[in-house]
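Inside the fold
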Amino acid sequence: MTRDDALAEFAARMGWQEATWVTVAGDASNRRYMRLTRPEGETAILMDAPPDRGEDVRPFIRIAEYLCAQGLSAPRILHRDTEAGMLLIEDLGDDLFARVLTEQPALENSLYSAATDVLLSLHARPAPTDLAPYDLPLMADMAALAHDWYATGLGRADAEARTRLHSAMRDALAPLDGLDAVLIQRDYHAENLLWMPQRDGLARVGLLDFQDAMRGHRAYDLVSLLQDARRDVPVATEAAMIARYLDGWGGDAAAFTAAYRALGAQRNLRIIGVFARLCLRDGKPHYLDFLPRVWTYLMRDLDTPELAALRATVTDLLPPPDSGAIDRLRAQCSSM
């Protein structure tokens, strides 16, 4: 039986045998999403997460149920076959922040304010105790992906260079070690947020792609939101949302701002490595198009005295993603 046959059998078993199917999304992972529409118009989303390709739906289920219990708009799980990696989930619609803002740019402040308020609410509650920590050693490892895939793809692989980058990142993050332990979704940005103004309050923000959630610093998801690899977020919007978060939280503004910049540097180094890997290993070259924007965010984060050592290391070891560098990576793109 093919994977598509198995999916059709699952849908039929759940009472959706007469539904029409349309693929609505794939992502950087091996998951696929299809919208099923019954003859009377009812819809649901079928998530295909094949276990033989490293996917596991259990984290998605666990975090979705937690978020729903907090009154937030994650998709409700309608039916599941965890062993087969198949879920039928609530359809929250197509109005991604990125799409809405393209059509209605005047809503930028409203949407980003709502998304910031969701973080404030979520961070006021204890994180689930079974979440793994996104701690200093792991964050440094993730930042080193910029060497492992980006620099290596450009012919700059060097064990000593990787050690230098890893060490500099750890030093930059050291003041954060042990601070805060909130749930971080880790991919909280305009392509994973849905605008649902028909709902009330915080529920107006639909949440997607949170299955990799961990316990981490409260600034992390705000960085993810405001330093979006896929769209330009105005500097004024970034500053306004940081101020909004600080006003709502009431914590140490200077420490938070320093953490935001250090975590921004870490996240953007990780993204540079991951996007290079998606091209070189996985045959997805379009992610390279985002690298100049991510590099701009990285340089902005590093433009602070506290991160001077990390900036010197980064600029010494990593060439900027100019057109020549991107073309060299693209030429090596996997055909898998």
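This text goes with the structure placed above it.
Throughout what follows, the structure given in this document is the object of discussion. Source: prediction; values computed, not measured.

Structural notes on the pairing of strand β4 (residues 77-81)
Two strands pair when backbone bridges link them, and β4 and strand β5 (residues 86-89) are joined in this way by four bridges, in the antiparallel orientation. Its bridge partner being in β5, Asp 81 is matched across the sheet by Met 86. Hairpin geometry of β4 and β5 is characterised by an intervening segment of four residues between the two adjacent antiparallel strands and by a positive phi of about 75° at Gly 85.

Looking at the side chain of His 217
Assignment of secondary structure puts His 217 in the loop between β9 (214-216) and α8 (220-226). Take His 217: its relative accessible area is 10%, and that puts it in the buried class. There is a polar contact of 3.0 Å between the side chain of His 217 and the backbone nitrogen of Ala 219.

Some words on the pairing of strand β2 (residues 32-37)
Strand direction decides the pairing type here: β2 and strand β3 (residues 43-48), joined by six bridges, are antiparallel. Paired with Leu 36 across the strands is Ala 44, a residue of β3. Counting the residues in the hairpin turn of β2 and β3 gives five residues, including Gly 41, whose phi is positive at 105°.

What to know about the environment of Ser 334
Inspection of the secondary structure assignment puts Ser 334 in the segment after α13 (323-331). The spatial distance from the C-alpha of Ser 334 to the C-alpha of Ala 172 is 34 Å, given a sequence separation of 162 residues. In this structure Ser 334 touches Cys 279, Leu 280, Arg 281, Asp 282 and Gly 283, once residues within four positions along its chain are discounted.

Overview of the packing of aromatic side chains
Under the definition given, this model contains nine aromatic pairs. With a centroid separation of 4.8 Å and 20° between ring planes, the pair formed by Phe 60 and Phe 210 is classed as stacked. Of the two residues, Phe 60 is situated in helix α2 (residues 58-69) and Phe 210 in the loop between β8 (205-207) and β9; the sequence distance between them amounts to 150 residues. The same class applies to Phe 60 and to Phe 210, which are both buried. Ring geometry for Trp 249 against Phe 256: centres 5.7 Å apart, planes inclined by 50°, an arrangement best described as tilted. With relative accessibility at 31%, the residue Trp 249 sits in the partly exposed group. These aromatic residues form a ring-pair network of at least three members: Tyr 245, Trp 249 and Phe 256. Here the guanidinium or amino end of Arg 38 rests over the ring plane of Trp 16, the centre of that ring lying 3.8 Å away. When the ring centre of Tyr 134 is taken as reference, the NZ or CZ atom of Arg 186 above it lies at 4.7 Å.

Reading guide: rules and limits
Residues numbered from 1 in each chain as written. Predicted model: local features only at pLDDT ≥ 70, side-chain atom pairs only at ≥ 80, totals over all residues. Heavy atoms only, no water. Pairing = 2+ DSSP bridges. Helix = DSSP H or I, 4+ residues; strand = E, 2+ residues; numbered from the N terminus. Buried < 20%, exposed > 50% of the residue type's maximum accessible area, 1.4 Å probe, protein only. Polar contact = N/O pair within 3.5 Å; in protein donor to acceptor, adjacent residues only side chain to side chain. Contact = heavy atoms within 4.5 Å. Phe/Tyr/Trp six-rings, centres within 6.5 Å; stacked < 30°, edge-to-face > 60°. Lys NZ or Arg CZ within 6 Å of the ring centre and 35° of its normal.

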